[in-house]
Amino acid sequence: MNDKNDKVFTKPIKKQFEFDEEVAAVFDDMLERSVPFYKESQKITKFFALKNLREDGYLYDLGCSTASLLIEIHRDLHAKATLIGLDNSKAMLARATRKIEAFGADVDVQEADILQYDYKEADVFISNYTLQFVRPLVREELLKKIAASLREEGVFIFSEKVISHHSKLNKDLIECYYDFKKEQGYSEYEIMQKREALENVLVPYSEEENMTMAKNAGFSHCEVIFRWANFATFIAIK
Ligand SMILES: C[S@@+](CC[C@H](N)C(=O)[O-])C[C@H]1O[C@@H](n2cnc3c(N)ncnc32)[C@H](O)[C@@H]1O
Ligand SMILES: O=C(O)C(=O)C[C@]1(C(=O)O)C=C[C@@H](O)C=C1
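Residues numbered from 1 in each chain as written. Chains lettered and ligands numbered in written order. Predicted model: local features only at pLDDT ≥ 70, side-chain atom pairs only at ≥ 80, totals over all residues. Heavy atoms only, no water.

Taking an unreviewed UniProt entry as the reference, the protein chain is identified by name as Carboxy-S-adenosyl-L-methionine synthase belonging to Sulfurimonas paralvinellae. UniProt lists a comment for the protein chain under the heading Catalytic activity (unreviewed entry), and it reads "prephenate + S-adenosyl-L-methionine = carboxy-S-adenosyl-L-methionine + 3-phenylpyruvate + H2O". The UniProt entry for the protein chain carries this comment under Sequence similarities (unreviewed entry): "Belongs to the class I-like SAM-binding methyltransferase superfamily. Cx-SAM synthase family." (UniProt positions renumbered as here; feature names shortened; annotations may be inferred.)

S.K.: What is the right way to read the overall build of the protein chain from this model?
M.R.: Along its length, the protein chain carries nine helices and eight strands. Relative to its length of 238 residues, the protein chain is compact, with a C-alpha radius of gyration of 17 Å against a globular reference of 18 Å. Each principal axis of the C-alpha distribution contributes one length, and for the protein chain these read about 50 × 40 × 30 Å. Counting the 238 residues in the protein chain, one finds 53% classified as buried. Sequence separation of at least 24 residues holds for 75% of the intrachain contacts in the protein chain that already meet a minimum separation of 6. Element-wise, carbon and sulfur atoms account for 51% of the exposed surface of the protein chain, whose accessible area totals about 11,600 Å². (Helix = DSSP H or I, 4+ residues; strand = E, 2+ residues; numbered from the N terminus. Rg over C-alpha atoms; globule rule 2.2 N^0.38 Å. Buried < 20%, exposed > 50% of the residue type's maximum accessible area, 1.4 Å probe, protein only. Contact = heavy atoms within 4.5 Å. Areas by Shrake-Rupley, 256 points an atom, 1.4 Å probe, with all protein chains shown as cover.)

S.K.: Help me understand unusual backbone geometry, please; the structure alone is not making it clear to me.
M.R.: Leaving glycine out, the prevailing phi sign among residues is negative, and the prevailing peptide bond configuration is trans. Backbone geometry at Asp-56 places phi at a positive 70°, although glycine is not the residue there. Along the polypeptide, Asp-56 turns up in the loop between α3 (38-52) and β1 (58-62). Asp-56 gets classed as partly exposed once you look at its relative accessible area, which sits at 49%. One non-glycine residue, Ala-67, lies in positive phi territory at about 65°. The topology assignment puts Ala-67 in the loop between β1 and α4 (68-76).

S.K.: Which parts of the structure should I look at to understand the side chain of Ser-65?
M.R.: Looking at the secondary structure, you find Ser-65 in the loop between β1 and α4. Not counting the four nearest positions on each side in its chain, Ser-65 is found in contact with Phe-27, Asp-87, Met-92, Leu-93 and Ala-96.

S.K.: Just checking my understanding: could you explain the packing of α3 against α4 for this structure?
M.R.: The geometry of a pair of packed helices is captured by two quantities: the angle between their axes and the separation between those axes. For the pair α3 and α4, the least separation of the axes is 10 Å and the interaxial angle reads 50°. Classified by the angle their axes make, α3 and α4 are oblique. Where α3 crosses over α4, the handedness of that crossing is right-handed. Here Tyr-38, Gln-42, Thr-45, Lys-46, Ala-49 and Leu-50 of α3 lie close against α4, whose contacting residues are Ser-68, Leu-69, Glu-72, Ile-73 and Asp-76. Partitioning the contact of α3 with α4 into residue classes produces five nonpolar, three polar and three charged. (Axes fitted to C-alpha atoms, helices over the stretch in contact; angles between N-to-C directions. Parallel < 35°, antiparallel > 145°, perpendicular 65-115°, else oblique. Left-handed = near helix turned anticlockwise from the far one by under 90°. Nonpolar A, V, L, I, M, F, W, Y, C, P; charged D, E, K, R; others polar.)

S.K.: Whenever I open this one, the pairing of strand β4 (residues 122-128) confuses me. Can you help?
M.R.: Successive side chains on a regular strand alternate, one facing one side of the sheet and the next facing the other. Among the seven residues of β4, seven are classified as buried, and the element is accordingly described as predominantly covered. The pairing of β1 with β4 spans three bridges and is parallel. Each residue of the ladder has a partner; that of Asp-61, found in β4, is Ile-126. Since β4 and strand β5 (residues 150-163) lie parallel, the crossover through helix α6 (residues 136-149) that links them has a hand, and here it is right-handed. (Pairing = 2+ DSSP bridges. Right-handed = clockwise from strand over helix to strand, strands pointing away.)

Encoded structure:
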């Protein structure tokens with residue numbers, strides 16, 4: 001039930017990347033063609049989320065966008081748990097609401113800033129490809145808030161674009177990723193335009209930096225459960 005194909009960066013860009021109406025209208029297509037193994041990362045996220053979500057428990061998806069993952073989780077959910085998606089983009093939430101209704105899913109989406117939200121005690125937090133858009137200065141604060149809102153042994157599953165601090169390897173990882181984008185039908189021009197629009201908006205950390213941040217925030221364990229070149233999915237256990 002995707003609206004359109006992603007052509008956002010076929011024309012010259014005038015502004016930094018935003019989750020506005022234009023992006024929201026093509027977002028499902030954009031993610032499937034821009035995040036390597038997007039469906040697989042959703043599947044593995046769902047597996048570990050369902051393993052840790054108890055009857056009557058709470059699960060939050062931070063930066064839920066069009067609620068694709070929450071609808072998938074709801075499909076396989078047997079417990080009476082509460083699924084809540086948060087996003088601060090009205091355009092994304094309008095699509096999320098439409099999809100949730102169409103699928104008849106029992107999922108609650110709310111317009112909120114994930115940095116300010118007053119969380120209930122939860123079993124599971126998820127944040128796929130969203131922390132990278134949170135300013136580095138407050139990113140660790142957000143992880144502390146998440147850790148504090150989790151029950152003992154609750155989990156935080158998050159996916160991120162990552163960098164390497166080995167400069168040649170980092171260059172090669174980016175080239176490998178751009179080859180993936182070309183295979184998905186994006187032109188060199190679109191790739192370069194999006195790269196510019198994302199500059200200083202999407203700020204990726206390395207795998208190690210993400211794990212250190214999770215440990216500093218109060219998680220007892222953090223591990224990578226999936227990685228393809230410069231994209232990784234982590235699980236942090238309280
Ligand atoms: C890359 S998208 C997430 C994709 C989605 N999790 C998925 O896997 O399909 C990032 C989302 O985070 C939202 N976002 C960014 N910063 C936010 C904040 N401070 N509070 C709430 N939502 C935020 C954006 O509006 C956007 O929808
Ligand atoms: O297209 C890119 O360069 C990306 O980094 C993909 C990415 C992401 O990782 O969040 C960037 C922006 C959009 O939200 C969708 C996907």
